[in-house]
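Residues per chain, in single letters:
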Amino acid sequence: MIERSATKMIVFVMFVVIWIYERKATANSFEKTPFLFVLRRAAPAPRYGNNHWMSSLVKAHEFFGQMQTENQTFRLLNSNIGAGDTVLHGTFSKTTIRNGLTAHYSDVTNLCDLHTEAESAPHLGIKLFFQGGVSASIGNQDIPMPHRLENSDHWIPSATLFYQQEQELFRRRATVGDRLRKLTIKIFPEWLESGDVFGDAGAHSLKLFTSTRLAARSWRPSAQLVALATQAIKPPPLEPYLKRLYMESRALGIIAEAFSLLVDRRPTPALATSLSASENKRLRRAEELLRNCDSPPSLDELAVEAGVSVNTLQRLFHAAHGMTVFHYVRALKLGQARTALENDGVTIAQAAYLAGYTSPANFATAFKRLHGFSPREARSRR
């Protein structure tokens, strides 16, 4: 009897040891299924603090755990990634501005190849891409990405208004080294209904846009929209309730420009529809000259360098940016002044000089009109 009991005890202990070993070996690992790998979560996924999740280096189990918490259909399609691998470097944030209205921001670099897909719920959304690019699509619609000017570090941003009536498959393919900086505004039915958006008789074009299963409209965002997006991404220090109101006002400005594309019959800053390939090439040439010279050329000189007439040059800038060449240069200089204030610590007088203003007061007025905050506030963000 003693020998039999001892044998049973040894078998039981061996079973426990094997069970513990197998649990350790499979914790935070990937569970293989046909053609895709799904994260096996051994512990609850990290949660956003105040609806935010920000990180510098992101491990696979952190990233996929969070993605699957938000959307259980999220899937990883390539199989060579371990749970402990570092897959991304950068920043993520998600803010619920109001019921049915959210803002997602990310600025990430892929540290490995990532091929993912997920079922996207029906919604209306605005995708703004500022820099970089990956291959992405919703249903059968490819998502346009920004492009970089030749021999320059400057990127021309892109924007797309999407609507999907049913669940659609969202696919994303990124390779190691790919960087993408973007902001997405998601609009769900409850937000549209709470504001009675469709109750206005003038909303016919929006109703028409949302009457199809999948619709998309792409354009080159205006300088004002890019400024609003930047303000939403980097809001000033405010109390939580004020911060939400601040972000909502910026989101509403972004939504207003997107919706206006559906009703405005004037030339709009489209990505590739309103301008021909040769016109885009001449426009990029003019933009490069304005960005890479200390003293902007005259309008006549710029037109000669771009190979077009002055009238054509003005038309190109209005079609691409919704403004004249003069206003484009002013916005460009004010943007450079903002960068100098936030990153280089220049004085307000020095920033005014960089932007071409002799009066700091006039500079401060123009700066706040474009960026939504004063030069002093920009300098305090360092």
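Criteria and thresholds
- Residues numbered from 1 in each chain as written.
- Predicted model: local features only at pLDDT ≥ 70, side-chain atom pairs only at ≥ 80, totals over all residues.
- Heavy atoms only, no water.
- Core = buried A, V, L, I, M, F, W, Y, C linked by side-chain atoms within 4.5 Å.
- Buried < 20%, exposed > 50% of the residue type's maximum accessible area, 1.4 Å probe, protein only.
- Helix = DSSP H or I, 4+ residues; strand = E, 2+ residues; numbered from the N terminus.
- Contact = heavy atoms within 4.5 Å.
- pLDDT = per-residue confidence, 0-100.
- Patch = residues over 30% accessible without salt bridge, like charges linked within 9 Å, V, L, I, M, F, W, Y side chains within 5 Å.
- Areas by Shrake-Rupley, 256 points an atom, 1.4 Å probe, with all protein chains shown as cover.
- Salt bridge = Lys/Arg side-chain N within 4 Å of Asp/Glu carboxyl O.
- Axes fitted to C-alpha atoms, helices over the stretch in contact; angles between N-to-C directions.
- Parallel < 35°, antiparallel > 145°, perpendicular 65-115°, else oblique.
- Left-handed = near helix turned anticlockwise from the far one by under 90°.
- Nonpolar A, V, L, I, M, F, W, Y, C, P; charged D, E, K, R; others polar.
- Expected span 1.5 Å × (residues − 1).
- Arc of directions from axis to C-beta.
- 1 Å grid on protein atoms, 1.4 Å probe; cavity = no way out; pocket = protein on both sides within 12 Å on 5 of 7 lines; lining within 4 Å.
- Points joined across faces, edges and corners; volume = space filled by probe spheres on them.
- Pairing = 2+ DSSP bridges.
- Phe/Tyr/Trp six-rings, centres within 6.5 Å; stacked < 30°, edge-to-face > 60°.
- Lys NZ or Arg CZ within 6 Å of the ring centre and 35° of its normal.

Formed by 30 residues in total, the largest nonpolar core has its most connected members in Ile 126, Leu 128, Leu 161, Leu 183, Ile 185 and Ile 187. Considering every element that reaches this core, the biggest residue donor is helix H6 (residues 240–260), with six residues. Leaving out residues up to four positions away in the same chain, Ile 185 has contacts with Leu 101, Thr 102, Ala 103, Leu 124, Gly 125, Ile 126, Ala 251, Ile 254 and Ile 255.

Quick look at the confidence of the model for the chain now. Mean pLDDT over the chain stands at 77; residues scoring 70 or higher make up 79%. Taken element by element, the chain is modelled with least confidence in strand S2 (residues 36–39), mean pLDDT 30, and with most confidence in strand S15 (residues 179–187), mean pLDDT 92. When the criterion is pLDDT under 50, residues 11–50 qualifies, and its contacts beyond four places in sequence or with other chains add up to 50 contacts. pLDDT under 50 marks residues 264–273. Its contacts with residues more than four places away, or in other chains, come to 21 contacts.

Attention now moves to a nonpolar patch on the surface. A cluster of nonpolar side chains, Leu 238, Tyr 241, Leu 242 and Leu 245, forms an exposed patch at the surface whose accessible area comes to about 380 Å². By relative accessible area, Leu 242 is classed as partly exposed at 34%.

Moving on, we come to the packing of helix H7 (residues 277–291) against helix H10 (residues 325–344). Between H7 and H10, whose axes approach to 11 Å, the crossing angle comes to 45°. With respect to H10, the element H7 is oriented oblique. Judged by the sense of rotation from one axis to the other, the crossing of H7 with H10 is right-handed. The residues of H10 that touch H7, namely those facing Glu 287, Leu 290 and Arg 291, are Val 325, Tyr 328, Val 329, Leu 332 and Gln 336. A per-class count over the contact of H7 with H10 returns five nonpolar, one polar and two charged.

Moving on, we come to helix H12 (residues 360–371). The end-to-end C-alpha separation of H12 is 16 Å, in line with the 16 Å expected for twelve residues at 1.5 Å each. Those residues of H12 not exposed but buried are Phe 363, Ala 366, Phe 367, Leu 370 and His 371. In an axial view of H12, the angular spread of the buried residues amounts to 110°, which keeps them on one side of the axis. In H12, those exposed residues whose orientation departs by more than 90 degrees from the buried face are Ala 361 and Arg 369. If you follow the buried residues of H12, they end up packed against helix H5 (223–233), H10, helix H11 (348–354) and helix H13 (375–380).

As a further point, take the layout of surface pockets. To find leftover empty space, one rolls a probe the size of a water molecule over the atoms. The calculated volume of the largest pocket comes to roughly 1,200 Å³. Every residue lining the largest pocket is counted, 34 residues in all, and those nearest its centre are His 154, Arg 181, Val 226, Gly 335 and Thr 339. The set of elements that each furnish at least two residues to the lining of the largest pocket consists of strand S8 (123–132), strand S12 (155–156), H5, H10 and H12. A per-class count over the lining of the largest pocket returns 15 nonpolar, twelve polar and seven charged. Taken as a whole, the second largest pocket holds about 1,000 Å³ of empty space. Residue lining of the second largest pocket: 37 residues in total, with Met 67, Glu 70, His 104, Phe 170 and Lys 186 positioned closest to the centre. Grouping the amino acids of the lining of the second largest pocket by side-chain chemistry returns 20 nonpolar, ten polar and seven charged.

Okay, the sheet that holds strand S13 (residues 158–164) next. What the seven strands build is an open sheet, ordered S3-S5-S6-S15-S8-S13-S16; its pairing is antiparallel. Both outer strands of the open sheet, strand S3 (57–59) and strand S16 (214–219), are each paired with one neighbouring strand and no more. Each strand of the sheet is rotated relative to its neighbour by a mean of 25°, with strand direction disregarded. Looking at chain direction, strand S6 (residues 101–110) and S15 are connected through nine bridges and run antiparallel. Looking across to S15, one finds that Leu 101 is bridged to Ile 187. Sheet strands in contact with H6 are strand S5 (86–98), S6, S8, S13, S15 and S16, and its direction is about 95° off that of S5.

What follows is about the packing of aromatic side chains. Evaluation of the coordinates by the stated rule reveals seven aromatic pairs. Relative to Phe 74, the ring of Phe 64 lies with its centre 5.7 Å away and its plane at 40°, an arrangement referred to as tilted. With Phe 64 in helix H2 (residues 60–70) and Phe 74 in the loop between H2 and strand S4 (75–76), this residue pair connects regions lying ten residues apart in the sequence. Among the aromatic side chains, those forming a connected cluster through ring pairs are Phe 63, Phe 64, Phe 74 and Phe 92. Over the face of the ring belonging to Tyr 246 we find Arg 250, whose NZ or CZ atom lies 3.8 Å from the ring centre.

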